[in-house]
Amino acid sequence: MSSSASTNGSEQDITVVHLMRHGEVENPDGVLYGRLPGYHLSELGRKMADRVAEHLSTRDVTHVCASPLERAQETATPIAKAHGLELATDARLIEADNVFQGKTFGVGDGALRNPDNWKHLVNPFRPSWGEPYIDQVVRMMGALHTAKDRARGHEAVLVSHQLPIWTVRSYVEKRRLWHDPRKRQCTLASLTAFTFQGDRIVSVGYSEPAIDLVPAHLRAGAKPQKGKGTAQGKAFGA
């Protein structure tokens, strides 16, 4: 170990960066909202955000940051407030781009019924319908390391979206990046915690502080539901 590293202890610092998925969104029409503006947390989503803020209130959080989308900003706000911190924004935490954004998207209905859209489904390994998985990894790893540096020796919370969170976790845990979306372990308002020793990730943890507030059909492994309405429409967002 170099003398400078011995002096500042940077190679031994333990830093935890929590990647949090935002809470439930008000989306009665079941639109795949992607990066569209104007989609806010539902009343239940705000309760989820408050629950996680309470869960983290005794943790040594010194940095809170969110995707620029409203649902992420609204989820992060009570966490930042609980720790007396200014909420930062990092565009690298944004939702994955998707050509089906703004459309309904389900099995046997919505955008998939239109043959003009089938050309976007030719390569699930990239994927051909949106932002490449490896591009998501690059930006999310960058956001993780920036947060680690800003909270070194403490904890940080980054609020993002399901697919980018699951993709970067899969990369860190050395799994293939293409996957069955129904098997993602990234429930609404969940925390995926990356523990750094110095600059190296040494473990990944997962918890669901608000799981009792998450409707059964929105939990990991649940089957997508057709139809509109408060309970069903939000299954199509992330």
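Calculation rules
- Residues numbered from 1 in each chain as written.
- Predicted model: local features only at pLDDT ≥ 70, side-chain atom pairs only at ≥ 80, totals over all residues.
- Heavy atoms only, no water.
- Helix = DSSP H or I, 4+ residues; strand = E, 2+ residues; numbered from the N terminus.
- Buried < 20%, exposed > 50% of the residue type's maximum accessible area, 1.4 Å probe, protein only.
- Areas by Shrake-Rupley, 256 points an atom, 1.4 Å probe, with all protein chains shown as cover.
- Axes fitted to C-alpha atoms, helices over the stretch in contact; angles between N-to-C directions.
- Parallel < 35°, antiparallel > 145°, perpendicular 65-115°, else oblique.
- Left-handed = near helix turned anticlockwise from the far one by under 90°.
- Contact = heavy atoms within 4.5 Å.
- Pairing = 2+ DSSP bridges.
- pLDDT = per-residue confidence, 0-100.
- Core = buried A, V, L, I, M, F, W, Y, C linked by side-chain atoms within 4.5 Å.
- Expected span 1.5 Å × (residues − 1).
- Bend = angle between axes of the 7 residues up to and from the residue.

The next thing to look at is the overall build of the protein. For the protein, the helix and strand inventory stands at six helices and eight strands. Listing every helix and strand of the protein by position from the N terminus yields α-β-α-β-α-β-β-β-α-β-α-β-β-α. A buried classification covers 47% of the 238 residues belonging to the protein. Of the roughly 11200 Å² of accessible surface on the protein, a fraction of 52% belongs to carbon and sulfur atoms.

With that out of the way, let us pick up the packing of helix 2 (residues 43-55) against helix 3 (residues 70-82). Viewed as axis vectors pointing N to C, helix 2 and helix 3 meet at an angle of 30 degrees, and their least axial separation amounts to 8 Å. Accordingly, the angle class assigned to the pair helix 2 and helix 3 is roughly parallel. Remark: the crossing between helix 2 and helix 3 carries right-handed chirality. Where helix 2 abuts helix 3, its residues Ala-49, Asp-50, Val-52 and Ala-53 lie against Glu-74, Thr-75, Pro-78, Ile-79 and Ala-82.

It is worth spelling out the sheet that holds strand 8 (residues 200-207) at this point. Sheet strands associate in pairs through backbone hydrogen bonding, adopting either a parallel or an antiparallel arrangement. The six strands lie next to each other as 3-2-6-1-7-8, forming an open sheet whose pairing is mixed. Each edge of the sheet is formed by a strand with only one pairing partner; in this case those strands are strand 3 (88-89) and strand 8. Both strand 2 (residues 61-66) and strand 3 contribute to a ladder of two bridges, which runs parallel. Counted as the bridge partner of Cys-65 is Ala-88 from strand 3.

Moving on, we come to the confidence of the model for the protein. Per-residue confidence for the protein gives a mean pLDDT of 84; residues scoring 70 or more make up 77%. pLDDT under 50 marks residues 1-7. Its contacts with residues more than four places away, or in other chains, come to five contacts. Here residues 226-237 is a poorly scored stretch, pLDDT under 50, and it has 32 contacts once near neighbours within four places are set aside; other chains count.

With 22 residues, the main nonpolar core has Val-17, Leu-19, Leu-93, Leu-144, Leu-158 and Val-168 as its most contacted residues. Counting only elements with at least two residues in this core, the list comes to strand 1 (14-21), helix 4 (133-150), strand 6 (155-160), helix 5 (162-172) and strand 7 (191-197). Counting residues per element, this core draws most heavily on helix 4, at seven residues. Those residues in contact with Val-17, other than ones at most four positions away along the chain, are Leu-144, Ala-147, Lys-148, Ala-156, Leu-158, Thr-192, Ala-193, Phe-194 and Phe-196. Residues Met-48, Leu-56, Leu-213 and Val-214 belong to the second largest nonpolar core, which totals 21 residues.

Our next topic: the pairing of strand 7. The element strand 7 is largely enclosed, with a buried count of six among its seven residues. As judged from the seven bridges shared by strand 1 and strand 7, these two strands associate in the antiparallel manner. Of the residues in strand 7, the one forming a bridge with His-18 is Ala-193. By the bridge criterion, seven bridges tie strand 7 to strand 8 in an arrangement that is antiparallel. When the sheet's bridge partners are listed, Thr-192 is paired in strand 8 with Tyr-206. Two successive antiparallel strands, strand 7 and strand 8, enclose a turn made up of two residues, where Gly-198 displays a positive phi of approximately 65 degrees.

Positionally, His-63 belongs in strand 2. In contact with His-63, not counting residues within four places along its chain, are Leu-85, Ala-88, Ala-147, Arg-150, Ala-151, Glu-155, Ala-156, Val-157 and Leu-158.

Between its first and last C-alpha atoms helix 4 spans 26 Å; for 18 residues at 1.5 Å apiece the expected length is 26 Å, and the two agree. All of the buried residues in helix 4 are Tyr-133, Gln-136, Val-137, Arg-139, Met-140, Met-141, Ala-143, Leu-144, Ala-147 and Lys-148. Taken together, the buried residues of helix 4 touch strand 1, strand 2, strand 6, helix 5, strand 7 and strand 8.

Moving on, we get to helix 3. With 13 residues, helix 3 extends 19 Å between its outermost C-alpha atoms, agreeing within 8% with the 18 Å of an ideal straight helix rising 1.5 Å per residue. The sharpest bend along helix 3 reaches about 30 degrees and sits at Ala-76, with the proline Pro-78 one to four residues further on. For helix 3, the complete set of buried residues consists of Arg-71, Ala-72, Gln-73, Thr-75, Ala-76, Pro-78, Ile-79 and Ala-80. Considering only its buried residues, helix 3 is in contact with strand 1, helix 2, strand 2, strand 3 and strand 6. Residue Gly-84 follows helix 3 closely and has a positive phi angle near 65 degrees.

Right, let's get into the environment of Pro-215. Of note, Pro-215 is situated in the loop between strand 8 and helix 6 (230-233). Its relative accessible area of 21% is what places Pro-215 among the partly exposed residues. In this structure, the C-alpha to C-alpha distance between Pro-215 and Glu-24, residues 191 residues apart in sequence, is 9.5 Å. Pro-215 has contacts with Glu-24, Leu-44 and Met-48, leaving out every residue within four places of it along the chain.

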